[in-house]
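Letter by letter, the chains look like this.
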There are 4 protein chains.
Amino acid sequence: MGVVYRRGSEVRSVNEGDRVAVNAITPCFRCAACQQGATSHCGGLLGGWKLSHVKDGVFAEYFHVNDAEANLALVPDSISDEAACYTTDMMPTGLRGAELADVPLGGTVAIFGQGPVGLMATAGARLRGAGLIIVVDKRPNRLELAKAFGADITLDFTAVDPDEEIMEITRGVGVDAALEAIGSQMAMDSCLQTTRPGGTIVNMGIHSDGDTIDLPNDAWGRGMSDKTIRSVLCPGGKENMKRMMRLIETGRIDPTKLTTHTFRFDQLEKAFGMMSKKADNIIKPLILF
Amino acid sequence: MGVVYRRGSEVRSVNEGDRVAVNAITPCFRCAACQQGATSHCGGLLGGWKLSHVKDGVFAEYFHVNDAEANLALVPDSISDEAACYTTDMMPTGLRGAELADVPLGGTVAIFGQGPVGLMATAGARLRGAGLIIVVDKRPNRLELAKAFGADITLDFTAVDPDEEIMEITRGVGVDAALEAIGSQMAMDSCLQTTRPGGTIVNMGIHSDGDTIDLPNDAWGRGMSDKTIRSVLCPGGKENMKRMMRLIETGRIDPTKLTTHTFRFDQLEKAFGMMSKKADNIIKPLILF
Amino acid sequence: MGVVYRRGSEVRSVNEGDRVAVNAITPCFRCAACQQGATSHCGGLLGGWKLSHVKDGVFAEYFHVNDAEANLALVPDSISDEAACYTTDMMPTGLRGAELADVPLGGTVAIFGQGPVGLMATAGARLRGAGLIIVVDKRPNRLELAKAFGADITLDFTAVDPDEEIMEITRGVGVDAALEAIGSQMAMDSCLQTTRPGGTIVNMGIHSDGDTIDLPNDAWGRGMSDKTIRSVLCPGGKENMKRMMRLIETGRIDPTKLTTHTFRFDQLEKAFGMMSKKADNIIKPLILF
Amino acid sequence: MGVVYRRGSEVRSVNEGDRVAVNAITPCFRCAACQQGATSHCGGLLGGWKLSHVKDGVFAEYFHVNDAEANLALVPDSISDEAACYTTDMMPTGLRGAELADVPLGGTVAIFGQGPVGLMATAGARLRGAGLIIVVDKRPNRLELAKAFGADITLDFTAVDPDEEIMEITRGVGVDAALEAIGSQMAMDSCLQTTRPGGTIVNMGIHSDGDTIDLPNDAWGRGMSDKTIRSVLCPGGKENMKRMMRLIETGRIDPTKLTTHTFRFDQLEKAFGMMSKKADNIIKPLILF
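Residues numbered from 1 in each chain as written. Chains lettered and ligands numbered in written order. Predicted model: local features only at pLDDT ≥ 70, side-chain atom pairs only at ≥ 80, totals over all residues.

With that out of the way, let us pick up the sheet that holds strand β6 (residues 153-156) of chain B. Spatially, β6(A)-β5(A)-β4(A)-β7(A)-β8(A)-β10(A)-β10(B)-β8(B)-β7(B)-β4(B)-β5(B)-β6(B) is the arrangement adopted by the twelve strands of the open sheet, whose pairing is mixed. Sheet topology places β6 (153-156) of chain A together with β6 of chain B at the edges, where each strand pairs with a single neighbour. Along the sheet, successive strands turn relative to each other by an average axial angle of 15 degrees, direction set aside. (Pairing = 2+ DSSP bridges. Helix = DSSP H or I, 4+ residues; strand = E, 2+ residues; numbered from the N terminus. Axes fitted to C-alpha atoms, helices over the stretch in contact; angles between N-to-C directions.)

Laid out in structure tokens, this is it:
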């Protein structure tokens, strides 16, 4: 979803020929919202999300980057273009979700949905030191890839009831944190049902449909469960991307495992079409220029 | 809701004649849930809530206190029986809600509902250093009392649209935190609508009705608003009560302002009846033995 | 130490005639340090501290403000020039120290030194909901003013041993947090000695002298006390100043009580001279233009 | 340092024949200090540290465990006696240090000292998702083992100046967190020198000698660096041990790599003698019964 930037007038201390990456979220870091810490909501709700959202041109040879000083991240030589692309959206979103889950070393996590963000959350939970990671999806190739990214137990929700399984695995206690990586009501239900009292639910999925997202009242303890529900938009800025790149450089994570299909630039529409239908079990396409 | 304890076999280092207070929540502090920090859910969801919930006898001359070593709080001479009663449920719940709101010094807070817990949350928000406290209710005596506990602006929701008012007062930004102190769907809606991106919603109300509590999807940023929703049950234990009592001793708060009606012990049923109907604009009754 | 800004070419959305205030710390909010959260150390250690430190001109009719978009705070009509001045250094430093002390509602605090920053820390501890605030100084007018800002107990360290007093007041436990507002080795010693295990020490004083500041090993539990020692530089940026101004507007704090002496502009050197010697028990001078 | 418990009268819900492990720290979880969150300082500074400190008998066939309900951790069948021993002191101390370092995913860490606790901190930093881990020691076998536990860069402080190296590796910025795992003044100096403004220093070493531990004033920004210094004692309780055991069970860590020497029970004194002199490059001895 992010694209490697080429050249631009706002760039400072980046030289001709340098490779830089630009996040989908490009905050100004100066407005009231940014100074309050809500940089992804620069100027207003979702306001930091510009590229691939309200600004065109991410597939153009040149495109404009606002607040470039704060948002252009140099790509080290050791990192491929392909890997760098993942630091612009999928990786920071999934890893941020895992951080917000606030799981202690050795704690337990369940992740619902193993699309690109869910898989990155699995990698993030593993990186963050969760002691048991249970993931839920239905596609065999995603569940398999989840194991490669660090999942301990994979549950196919077409074969078993994931809530029951998770409660049994945790001996009736529930997990310390549950992550929603689909954007579905059903997954939110499961997150509330399977999180222990005092635990944390992190929503990373985009809930495109519906006027409301409903919390199951009993699982929420009728408002007294001490469960915390967080929601997250990808964090922006060059510093966060630098940390993502460091994790790639030092071999902690290889996000290119997400690439299941490769296309030429003139196949762009085909790639988008396959993504929207998740055709051929596509996880993430790579577009070559 | 809490009642002053008299004497008991489990008590240690409390002498005959001492006055002690017991919280509605009496955790063991040792089980898995307690060691995970979820002491109010000792042994399971809502499990720490014993007195006035699953254990009878709080109006008896003698009653059993589990884990008394951890749950009997000595009442200093300077604190009246009446004031001490409020440290057993209303005060710790409301103040804990205000703490979880995580508002920086000078930040903004809206509180929906000014019953006993809501009023204590107002006092808590003031104690915590909020710079602007907006409260919403419909009963004039509650709104008046809210001012006495520290509210800056009171909104009668039968006269104005509180969401619109709050957004106008905050110039379209929303408050840093919104607290739900009613247990109603409508108040939860308002909390989501009036909290800024990245802000915090704290639910303190008991949602007795309904299979679900619904989050308005747009205000929640379709799951990407970075808003955090917390839910809270009164924290238990003698140490927390000691802090509540200190606040009374040093004149930070006078919870006895909540007492609008006083009854003799033989009028107990009348008191409960009035509370369930909120008759005569009752806020909290005091039962004299 | 801060001064009201007049006009400047970098200003946006501030109109001719508006009053604005500028903090002593003016971060860019975009560099690596700023994006890591260390905005006061923009570009390097203490790097955000420009005005009154590395940039001249704060008493000139015009002066340059870097990153003005992020650092000019509009002063509301209801706030006097005098009060606004205090939002540029003393108030944000003292209040930030109180926030970092991380004291729960009803907790206990000791503050060593009641100069301008120490007094603002006292006000901050009161605003943050501490249940008992003990302050230490030797000047009677400072101790008296401390009471006005919220101190419960004042200790004159020339008359009593403050460490012994604090330990007796807290029945041998120590306070939840101790704040250093002098910049002296002796005060740091006292902070470590009087903080309970697991508590927090916040250093706000500038330790101008000495190659080292020494932690008393026993009080520090030989490195195992679980005590946390924080150090703090005034936080910058317009948002933080807006919160400070809100606290003044809504009557939470009146920083002008710090002003003990008033001077005309041509008495500037006299004012500085008195401050350096703390002559005539001066706490803070006001310079009138 | 911890020893496998056999049988005891206080044990509940542990059956004859079960293997249980007991932490060096056995808090009551009920006293004031415990309820304040300072469980390792149960009853007073270092008060939770009983076994191998103030209570004898950890090498006896039977020994007394206070507050056994909260402190006996069942050892799963999949975990060896040897591995379980490490969950009683070395592993929880080192991992807790890494948690308190509060490093974001991809952040940078330096660890001074690679004895048993330092090595476990290295493993902890890796588990917690640090993107770059630099360790400092002089013994080749320790530096080699550090790599096995996850260090990226090892520095022999007899060959290079570690502070200079760390500043160069981080391009003059310093690391996000530095951990002291020796208990020496020199290592504390290095921690302060190499941590970026706003970063965190965690002391895990026992500073047996000296009346003071001295902070280098310039590196501490003369008290304005926004650096946080934490100190840590091993956390106790069965829940924390359960998380340690989970990390072993799911293959995240193998603490038995720490065992360099094995002894029979009748060689106990020899083992202690070698440890005190670190003879034969011993890291940790295993005593077989």
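This paragraph deals with the interface of chain A and chain D. Counting residues at the interface gives 19 residues for chain A, matched by 19 residues for chain D. Every element with two or more residues in the side of chain A that touches chain D is listed here: α4 (90-100), α5 (116-127) and α9 (238-249) of chain A. In terms of residue count, α9(A) provides more of the side of chain A that touches chain D than any other element does, four residues in total. For the side of chain A that touches chain D, the residue count by class is seven nonpolar, six polar and six charged. (Contact = placed C-beta atoms within 7 Å. Nonpolar A, V, L, I, M, F, W, Y, C, P; charged D, E, K, R; others polar.)

With that out of the way, let us pick up the relation of the copies chain A and chain D. You can overlay chain A on chain D at an RMSD of 0.0 Å; the transform is a turn of 180 degrees with a shift of 0.0 Å along its axis. The superposition of one copy onto the other is thereby described by a two-fold rotation axis. Across chain A, the smallest distance between a C-alpha and the rotation axis is recorded for Arg128(A), namely 2.1 Å. (Least-squares fit on C-alpha atoms with pLDDT ≥ 70 in both.)

Attention now moves to the interface of chain B and chain A. Each side of the interface is counted separately: chain B has 40 residues, and chain A has 40 residues. Counting residues per element, the side of chain B that touches chain A draws most heavily on strand β9 (residues 212-216) of chain B, at five residues. When the residues that make up the side of chain B that touches chain A are grouped by side-chain class, the tally is 16 nonpolar, 18 polar and six charged. Direction of pairing for strand β10 (residues 228-231) of chain A relative to strand β10 (residues 228-231) of chain B: antiparallel, over a ladder of three bridges. Each bridged residue has a counterpart across the sheet, and for Ile229(A) the counterpart in β10(B) is Ile229(B).

Each copy superposes on the other: chain B lies on chain A with an RMSD of 0.0 Å after a rotation of 180 degrees and an axial shift of 0.0 Å. Comparing interface residues between copies, 100% of those in chain B also lie at the interface in chain A; the contact surface is shared.

The next thing to look at is the domain arrangement of chain A. As far as domains go, chain A holds domain 1 (4-89 + 235-253) and domain 2 (94-231). Computed over C-alpha atoms only, the centres of domain 1 of chain A and domain 2 of chain A are separated by 28 Å. (Domains from an automatic or database assignment.)

With that settled, consider the confidence of the model for chain A. Residue and element names in this part refer to chain A. Summing up the model confidence of chain A, the mean pLDDT is 93 and the portion of residues at 70 or higher is 95%. Contacts from residues 1-12, a stretch scored under 50 in pLDDT, to residues over four places away or in other chains number 36 contacts. Interface confidence for the predicted complex, expressed as ipTM, amounts to 0.94; the pTM equals 0.95. (pLDDT = per-residue confidence, 0-100.)

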